[in-house]
Amino acid sequence: RIYRSGLEPVSNSVESRFRGRFCLAFLSVGFIACAILPTTALGQEDEIDSPFRWREKSFRLGLFGGQHFANRGSLEFGQGPATAVGAKMRARVSSPLSLEIGATFAPAERWVLNPIAESGPMIVDTVSANWLRADFGAQIGLTGARTWNGIHPYALIGGGLVFGIMEGASEVMAPPEMETFRYDISTAPHIYVGFGFEVFPSEKIGIGFEVRDYLIRLSAPDGFLSLQALQAFESTGGPAPDASTYQHNPEFGITIWYYF
């Protein structure tokens, strides 16, 4: 063998330098990998796309407008369809659940039915039958507190009361003997179910589209249940009045929400 000073074999010296350079290169690659990989992983994580987005804001106030397709009842003496307007408030209490209160007004009309007219029960007049409705209910988010592709679908359930306000009076029913045949909404309980969805033009603005079915109690005037009136209804082959019944009243509405 060829020896350098210090009796070190030449072949061993070359081998040592090779190993040193190899280790240095290996460590360099390792450091570079450690520096690059976490950044790459985070970038990939940021790029993961999902159709679901969490809604941070939950308390909101809304202005409502829509069409109430009222059911007048089998004898058609109840309030008729009308445009409805109102205000609502909702507050989220859990991921899927929000509580709601609302007030709605509708300038409706009703037909005046005289069940003891000489020619038989007939509609004799049209008067105003305005009503104010108070709702207390819950909104159940079908995707929790998240939107799906920018849309938040939900179900609704609740109840409340309907109050007759500023109701008109018909001169036909003015005589004292017609007092028991006069209908007024008075105070009527209701329950409702519905479905809707909301879209969000901005973080603080939402637009909700809803379809509800209100089951509202319709009570016949006492005079409709008298023997005279029942005989008149029977003679014409018409349906006999129910003292109290719940009628389906579909409603479609749009609400503009402002989130706080």
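Given the structure is predicted, the values throughout are model-derived calculations rather than measurements.

Q: Residue-level account of the side chain of Arg133, with values.
A: Note that Arg133 resides in strand β7 (residues 131–141). Looking at Arg133, its side chain comes within polar contact range of the side chain of Asp135, at 3.2 Å. A polar contact of 3.0 Å, which involves the side chain of Arg133, links it to the side chain of Tyr214. Contacts of Arg133, omitting those with residues within four sequence positions, involve His68, Gly102, Ala103, Thr104, Leu161, Val162, His190, Tyr214 and Glu251.

Q: Hey, could you go over the packing of aromatic side chains for me, with residue numbers and the actual values?
A: Per the stated rule, a full pass over the model turns up eight aromatic pairs. Aromatic pair Phe77 and Phe224: ring centres 5.3 Å apart, planes at 75 degrees, arrangement edge-to-face. Placement of the pair is Phe77 in the loop between β2 (60–68) and β3 (82–92) and Phe224 in the loop between β11 (205–219) and α2 (227–235), with a sequence separation of 147 residues. There is no split in this pair, since Phe77 and Phe224 are both buried. One aromatic cluster is present, built from ring pairs that chain together Phe77, Tyr183, Phe224 and Phe233.

Q: Account for the environment of Gly150, naming residues and giving values.
A: With respect to the helices and strands, the residue Gly150 is situated in the loop between β8 (146–148) and β9 (151–164). Spatially, the C-alpha atoms of Gly150 and Phe52 are 7.8 Å apart, while their sequence positions differ by 98 residues.

Q: Outline empty space enclosed by the protein, supporting the account with residue identities and numerical values.
A: It is the rolling of a water-molecule-sized probe over the atoms that shows where space remains empty. Here the structure, examined in full by the defined rule, presents two cavities of 30 Å³ or more. There is about 130 Å³ of room inside the largest cavity. Residue assignment for the lining of the largest cavity shows that the elements contributing at least two residues are β4 (97–106), β7 and β8. Among the residues forming the lining of the largest cavity, the class breakdown is five nonpolar, eight polar and six charged. The volume enclosed by the second largest cavity comes to roughly 90 Å³.

Conventions used here
- Counting of residues starts from 1 at the beginning of each chain's written sequence and follows it residue by residue.
- Under the rules for a predicted model, residues below a pLDDT of 70 receive no local features and side-chain atom pairs below 80 are neither given nor counted, while totals for whole chains, interfaces and linings still include all residues.
- The side-chain figures draw on all heavy atoms in the structure; neither hydrogens nor water molecules are used.
- Secondary structure counts use DSSP, requiring at least four H or I residues in a row for a helix and at least two E residues in a row for a strand, with both numbered from the N terminus.
- We call two N or O atoms a polar contact when they sit within 3.5 Å, provided that within protein one can donate a hydrogen and the other can accept it, with sequence-adjacent residues counted only if both atoms are side-chain atoms.
- Should any heavy atoms of two residues lie within 4.5 Å, those residues are considered in contact.
- Here a pair means two rings of Phe, Tyr or Trp (six-membered ring of Trp) with centres within 6.5 Å. Their orientation is stacked below 30 degrees between planes, edge-to-face above 60, and tilted elsewhere.
- Exposure classes here rest on a 1.4 Å probe applied to the protein chains alone. A residue is buried below 20% of its type maximum, exposed above 50%, and partly exposed in between.
- Using a grid of 1 Å spacing that covers the protein atoms alone, one calls a set of points a cavity when a 1.4 Å probe fits there but cannot get out, and a pocket when the set is open and has protein on both sides within 12 Å along at least five of seven lines; lining residues are those with an atom within 4 Å of a point.
- Grid points are joined across faces, edges and corners, and a volume is the space filled by probe spheres set on the points.
- Residue type decides the class: Asp, Glu, Lys and Arg count as charged, Ala, Val, Leu, Ile, Met, Phe, Trp, Tyr, Cys and Pro as nonpolar, and the leftover types, Gly among them, as polar.

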